[in-house]
Structure formats: C-alpha cells, structure tokens
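Structural overview for review
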Amino acid sequence: KSAMSARQAPDITTEALLVITLANHPALIRSHEDEAFMLEIRNPDLNRLMGRILDIFAGQPDLDSEDMATHLSQYKVYQTYSTWMLDPRLNLLKFIKKDASYALAEQGWLNALSKYRYHGDLESEVADAASSAHRDAGQEKIWREAVSHRSRLVSEHKSDDGQE
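This structure is a prediction, so every number in the text was calculated from the model and none was measured.

1. Here we look at the nonpolar core
In terms of nonpolar packing, the biggest core is built from 36 residues, with Leu39, Leu49, Met50, Ile53, Leu72 and Trp109 touching the most fellow members. Taken together, the elements giving at least two residues each to this core come down to helix H2 (12–24), helix H3 (27–31), helix H5 (44–59), helix H6 (65–72), helix H7 (78–85) and helix H9 (102–132). Leaving out residues up to four positions away in the same chain, leucine 39 has contacts with Leu18, Met50, Trp109, Leu113 and Tyr116.

See below:
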C-alpha cells in the first residue's frame, strides 16, 4: 500500500459500528470511558450522534440501551441512529444488537476499535516508517515496532468465533 492510500479515512461503516454499538450497549462506555471519549469520528452525522450519546451518558451513566434510544429519540441525531440500525451490513453482526451479551458486545467493539485505529493513525505511521526505513536505522526500528504492535493488537482483539 502506498503512503497516500494508507491515509484514507476509515470506512464510514466501521465508524457507524463503533457508535451504534455504544448506543446499544452504554455499559461499554463505563468500561472503556477513555477510549469512548477520545474516539474521533470523522463522519459529521455520526460524530454528532456520538457526541449526543456521550452527553446523555455523562448525565445518566446507568442507562440501558432502551433508555439511551428513548433519550436519542428526542434529538435530530435519532435519524442517523435509526438509519444505521436498519443498515444490512450492521445487522449481520451479532454484537451490535441490543440483546447481545455484554461480553460479546465488548469483544466486537474492541475488535472494531482496533481495526479503526489501525486503518487510521497506525496504518499511516507504518506506511510512513516503511517508506523511509531503508534510509535510517532509527526509522527501521520504528517500522519494525509498529508492525509488531499492529500484529499484537490484531491478535489480542481477534474474535474467537470469527464474528467481527
């Protein structure tokens, strides 16, 4: 992959997956608060939805998925939520569904987060380091560490049942 293609924005479906899973499983925000609040969503509609989810969570951290959906329904962002809830690509994934167990939702969300991070910043860093690795021994070390780190991330968050 070239450095230019490595810098492409992550897939909107992955962003939707991350946001909708948090809406359907607000307990994930409690368990992964730093990751959730630091998540940079590039799609404007999904970013607004994410902001509203986090605002609602900050005011009422013990909400369940039904309460979250009820709160969201009072805002314009509910249209984004509703649209993605009907998306056939997302409907194939068990962990995004409201009735999924916490463990399944967490595993799926962490998997998606790992891929999202890799296809965003980490992939770009790997491409940049790889393009200059032959010129500088220090850059080669960074490149090797980035590849090693990426491999660890992927293997740590790999789903046992193949469900993403």
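2. Points about the pattern of salt bridges
According to the stated counting rule, one finds three salt bridges in the structure shown. Residue glutamate 66 pairs with lysine 98 through a salt bridge whose shortest N-O separation is 3.6 Å. Remark: lysine 98 occurs in the loop between helix H8 (88–91) and H9 and glutamate 66 occurs in helix H6; sequence separation between them is 32 residues. Its relative accessible area of 46% is what places glutamate 66 among the partly exposed residues. For the salt bridge of arginine 89 with aspartate 87, the shortest nitrogen-to-oxygen distance reads 2.7 Å. Residue classification places arginine 89 among the partly exposed positions, given a relative accessible area of 46%.

3. Regarding the confidence of the model for the protein chain
Per-chain confidence: the protein chain averages 83 in pLDDT, with 74% of residues scoring 70 or above. Here helix H1 (residues 3–6) stands out as the element of the protein chain with the lowest mean pLDDT, 37, in contrast to H5, whose mean of 97 is the highest.

4. Remarks on the packing of H5 against H7
The relative placement of two packed helices comes down to the angle between their axes together with the axis-to-axis distance. Where H5 contacts H7, the two axes come as close as 9 Å, and the packing angle between them is 110°. One way to sum up the angle between H5 and H7 is to call them roughly perpendicular. Between H5, through Asp45, Leu46 and Leu49, and H7, the contact on the second element is made entirely by Thr80, Tyr81 and Trp84. Class assignment of the residues belonging to the contact of H5 with H7 gives a composition of four nonpolar, one polar and one charged.

5. Comments concerning the packing of aromatic side chains
Going through the model one piece at a time under the given rule, you end up with two aromatic pairs. Centre to centre, the rings of tyrosine 78 and tyrosine 81 are 5.6 Å apart; their planes meet at 35°, and the pair counts as tilted. One end of the pair, tyrosine 78, and the other, tyrosine 81, are both in helix H7, three residues apart, so they sit about a helical turn from each other. Exposure remark for tyrosine 78: the relative accessible area of 29% places this residue in the partly exposed category.

6. Observations regarding the packing of H2 against H5
Running from amino to carboxyl end, H2 crosses H5 at an angle of 20°, the nearest separation of the two axes being 10 Å. On the basis of the axis angle, H2 is roughly parallel to H5. Viewed along their axes, H2 and H5 form a crossing whose handedness is left-handed. Contacts from Ile12, Glu15, Ala16, Val19, Ile20, Leu22 and Ala23 of H2 reach H5 at Leu46, Leu49, Met50 and Ile53.

7. Some points on H6
Looking only at H6, the buried set comprises Ser65, Met68, Ala69 and Leu72. Take H6 and look down its axis: the buried residues cluster within an arc of 100°, on one side only. Summarising the contacts, the buried residues of H6 are in contact with H2, H5 and H7.

8. Observations regarding the side chain of glutamate 15
Structurally, glutamate 15 is set in helix H2. Buried and unpaired, glutamate 15 has no salt bridge, with arginine 42 as the nearest side chain of opposite charge at 4.6 Å. Setting aside anything within four residues of it in sequence, one finds glutamate 15 in contact with Glu40, Ile41, Arg42, Asn43, Leu46 and Tyr116.

Definitions and limits used
- Residues numbered from 1 in each chain as written.
- Predicted model: local features only at pLDDT ≥ 70, side-chain atom pairs only at ≥ 80, totals over all residues.
- Heavy atoms only, no water.
- Core = buried A, V, L, I, M, F, W, Y, C linked by side-chain atoms within 4.5 Å.
- Buried < 20%, exposed > 50% of the residue type's maximum accessible area, 1.4 Å probe, protein only.
- Helix = DSSP H or I, 4+ residues; strand = E, 2+ residues; numbered from the N terminus.
- Contact = heavy atoms within 4.5 Å.
- Salt bridge = Lys/Arg side-chain N within 4 Å of Asp/Glu carboxyl O.
- pLDDT = per-residue confidence, 0-100.
- Axes fitted to C-alpha atoms, helices over the stretch in contact; angles between N-to-C directions.
- Parallel < 35°, antiparallel > 145°, perpendicular 65-115°, else oblique.
- Nonpolar A, V, L, I, M, F, W, Y, C, P; charged D, E, K, R; others polar.
- Phe/Tyr/Trp six-rings, centres within 6.5 Å; stacked < 30°, edge-to-face > 60°.
- Left-handed = near helix turned anticlockwise from the far one by under 90°.
- Arc of directions from axis to C-beta.
- Lys, Arg positive; Asp, Glu negative; His and termini not counted.

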